[in-house]
Amino acid sequence: MTTMPPLSDLTWARGFTDPAWARRHTTSGRETVPSRAVWRGGDGPRDLPAAPPGALDGLSFTGPGGRTLGLDQLLAEAETDALLVLHRGRLVHEQYLHGCRPHEPHFNASAAKSYLGLLAAALIHEGHLDRDAEVVTYVPELAGTAFGEATVDHLLHMGTRMSYAGRRYDKALEAQRYFAVLAPQLRPFGYSGPATIREHLATARSTGAPGVEFRYENGNVEALAEVLRRVTGVTTSAHLSDTVWSRIGAQEDAYYSVDAEGTEAACGGFSATARDVARLGEMIRCGGAVGDRQVIPEAVASTIVSGVPDGYPRHVRFPAAPAAAPATLSYHDLWWIPNDPYGSFMASGIHGQRLFICPALDLVVVHYASQIVSPAVPQVPLVQAFLTIGNHLNT
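So, a few notes on the structure that sits alongside this text. (Residues numbered from 1 in each chain as written. Predicted model: local features only at pLDDT ≥ 70, side-chain atom pairs only at ≥ 80, totals over all residues. Heavy atoms only, no water.)

### Describing the pairing of strand β14 (residues 329-332)
Okay, so step 1: A two-sided burial pattern is seen for β14, the buried positions comprising L329 and Y331 on one face and S330 and H332 on the other.
Okay, so step 2: Remark: two residues form the turn of the hairpin made by β14 and strand β15 (residues 335-337), two consecutive strands paired antiparallel; D333 in that turn has positive phi of roughly 50°. (Buried < 20%, exposed > 50% of the residue type's maximum accessible area, 1.4 Å probe, protein only. Helix = DSSP H or I, 4+ residues; strand = E, 2+ residues; numbered from the N terminus. Pairing = 2+ DSSP bridges.)

Here it is in structure tokens:
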């Protein structure tokens, strides 16, 4: 059985505590690891019509600790690299900081999970993928692993319980070990663990029945990505391009980081420009359509929130909420749902990556950042800030 050394190399944790290190790796991932393009298609970019400038002038926000902040102060505290706001399809605000530029792809981190969930939901709707089928049905090589014994639906809702290579499960450490699988330069001295995503998944063993506990774990998404590759017969990059990216009027190619075997890091290796992710969000907000072109089934786009079934693990409390707080956060087909009065949902990634879609407020927000992740640094309440923007634009 493959084992890994303890977390002893401080470079594994630098991105959590050093915004400069995080920024280099969120904005220039293609220079760090191999990658594969997600083709933008040949139709040319779809215009983002601009609203009159100054739509957010004078707006104030509630920051960490209940402090009142202006927009610039809020973005500074969030270590924001880019903020793009669409309201009713019009570009009302676009801002770049820390050298981030409109044409340059930015790391989306775990927001990428939601994009894969969108592809899976479309295949399920079209009858090409069975939500209730065991994963081993599609990927026989995962027999005997925690993921092979689960169903497709369990993967879509982070419903597996597992440990890797006989280790006691620890979410934060397993995330770092996953990075070591992808990037040799992040491996500590003497590393002898898995060198590919396939090898990593093969070490997962079940520690409990699936569908009982919500456990946010990258392996669920990588196993699902392999299911989708078996069903479609194409790479994750080609699938996303053919189904979505080439049909939304993207201006730039996106890309996925890939491992030593050329397998995409589907759970968090996706990078794209803020403008193109906004185009993706606007397509979803408009019921899966771009103009008169239906990109994804309307039923898929319109039921990300309303289709959430009751019951654990699909419905979980927001980890940062006090025990007495009424707010909850749902999770459905790899999308986060704040359960606010506006039917909002979002793709969310570490260090402040967000695609926030709010149908009732006609709002799409893309936020890129290089936030510090530390108990000593209060996190900026981004969702509340986005809703403040949406309510302001609708007055």
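### A look at helix α10 (residues 274-285)
Residue pairs spaced three or four apart in an α-helix point in one direction, given the helix's 3.6 residues per turn.
Okay, so step 1: Given a rise of 1.5 Å per residue, twelve residues ought to cover 16 Å, and the 16 Å separating the end C-alpha atoms of α10 matches this to within 8%.
Okay, so step 2: Of all twelve residues making up α10, eleven are buried, and the element is well covered by its neighbours.
Okay, so step 3: All of the buried residues along α10 are A274, D276, V277, A278, R279, L280, G281, E282, M283, I284 and R285.
Okay, so step 4: G287 sits one or two positions beyond α10 and adopts a positive phi of about 75°. (Expected span 1.5 Å × (residues − 1).)

### Some remarks on the pairing of strand β18 (residues 363-369)
Okay, so step 1: In terms of burial, β18 is largely enclosed, as seven of its seven residues are buried.
Okay, so step 2: Two strands pair when backbone bridges link them, and strand β4 (residues 80-87) and β18 are joined in this way by seven bridges, in the antiparallel orientation. The partner of A82 across the bridge, within β18, is Y368.
Okay, so step 3: With five bridges joining them, strand β17 (residues 353-358) and β18 adopt antiparallel strand pairing. Across the sheet, residue R354 finds its bridge partner in β18, namely H367.

### Details of empty space enclosed by the protein
Okay, so step 1: Applying the stated criterion across every chain, the model contains three cavities of 30 Å³ or more.
Okay, so step 2: If you add up the space inside the largest cavity, you get close to 50 Å³.
Okay, so step 3: The wall of the largest cavity is formed by Y115, L118, L240, V244, W245, F270 and L280.
Okay, so step 4: The residue inventory of the lining of the largest cavity, partitioned by class, reads seven nonpolar, no polar and no charged. (1 Å grid on protein atoms, 1.4 Å probe; cavity = no way out; pocket = protein on both sides within 12 Å on 5 of 7 lines; lining within 4 Å. Points joined across faces, edges and corners; volume = space filled by probe spheres on them. Nonpolar A, V, L, I, M, F, W, Y, C, P; charged D, E, K, R; others polar.)

### Some details on the packing of aromatic side chains
Each aromatic ring pair is described using two quantities: the centre-to-centre distance and the angle formed by the ring planes.
Okay, so step 1: Within the structure shown, the criterion is met by twelve aromatic pairs.
Okay, so step 2: Consider the rings of Y216 and Y331, whose centres lie 6.2 Å apart with planes at 80°: the pair is edge-to-face. Note that Y216 is positioned in the loop between β8 (204-208) and α8 (218-232) and Y331 in strand β14, a separation of 115 residues in sequence.
Okay, so step 3: Residue class for Y331 comes out buried when judged on its relative accessible area of 0%.
Okay, so step 4: Ring geometry for Y331 against W336: centres 4.5 Å apart, planes inclined by 65°, an arrangement best described as edge-to-face. Neither residue differs from the other here; Y331 and W336 are each classed as buried.
Okay, so step 5: Taken together, the aromatic side chains of Y115, W245, Y256 and F270 make up a single cluster linked through ring pairs.
Okay, so step 6: The cationic tip of R215 hangs over the ring face of Y169; the distance from NZ or CZ to the ring centre is 4.3 Å. (Phe/Tyr/Trp six-rings, centres within 6.5 Å; stacked < 30°, edge-to-face > 60°. Lys NZ or Arg CZ within 6 Å of the ring centre and 35° of its normal.)

### Let's talk about helix α4 (residues 111-125)
Okay, so step 1: With 15 residues, α4 extends 22 Å from end C-alpha to end C-alpha; this agrees with the ideal 21 Å at 1.5 Å per step.
Okay, so step 2: The buried fraction of α4 amounts to 14 of the 15 residues, a majority that puts the element mostly inside the structure.
Okay, so step 3: Where α4 terminates, the next one or two residues include G127, which has phi positive at roughly 85°.

### With respect to the packing of α4 against α8
Okay, so step 1: Look at α4 against α8: their axes get within 10 Å of each other, and the N-to-C directions meet at 40°. Relative to α8, the element α4 lies oblique. In this structure, α4 crosses over α8, and the sense of that crossing is left-handed. Touching K113, L116, L119, A120 and L123 of α4 are N218, V221, L224, A225, L228, V231 and T232, all from α8.
Okay, so step 2: Of the residues belonging to the contact of α4 with α8, the class tally is nine nonpolar, two polar and one charged. (Axes fitted to C-alpha atoms, helices over the stretch in contact; angles between N-to-C directions. Parallel < 35°, antiparallel > 145°, perpendicular 65-115°, else oblique. Left-handed = near helix turned anticlockwise from the far one by under 90°. Contact = heavy atoms within 4.5 Å.)

### Some thoughts on the nonpolar core
For soluble globular proteins, the rule of thumb is that nonpolar side chains tend to be buried together.
Okay, so step 1: Judged by nonpolar contacts, the single largest core of 110 residues is most densely connected at W245, F270, L280, M283, I284 and L355.
Okay, so step 2: Counting residues per element, this core draws most heavily on α4, which supplies ten residues.
Okay, so step 3: The contacts of L355, once residues within four sequence positions are left out, are Y115, V277, L280, G281, W335, F345, M346, A347, V364, V365 and V366. (Core = buried A, V, L, I, M, F, W, Y, C linked by side-chain atoms within 4.5 Å.)

### So, the pattern of salt bridges
Okay, so step 1: One pass over the full model with this rule turns up 21 salt bridges.
Okay, so step 2: E104 is the salt-bridge partner of R101, the closest N and O atoms lying 2.7 Å from each other.
Okay, so step 3: The exposure class of R101 is partly exposed, given its relative accessible area of 44%.
Okay, so step 4: The class for E104 is partly exposed, based on a relative accessible area of 24%.
Okay, so step 5: One salt bridge connects E226 with R229, and the closest N-O pair in it is separated by 2.9 Å. Residue E226 and its partner R229 are both found in helix α8; the two are separated by three residues, about one turn of the helix. The two residues E226 and R229 agree in class, both being buried.
Okay, so step 6: Overlapping salt bridges, with partners in common, bring together R36, E141, E226, R229, R230 and E264 in one network. (Salt bridge = Lys/Arg side-chain N within 4 Å of Asp/Glu carboxyl O.)

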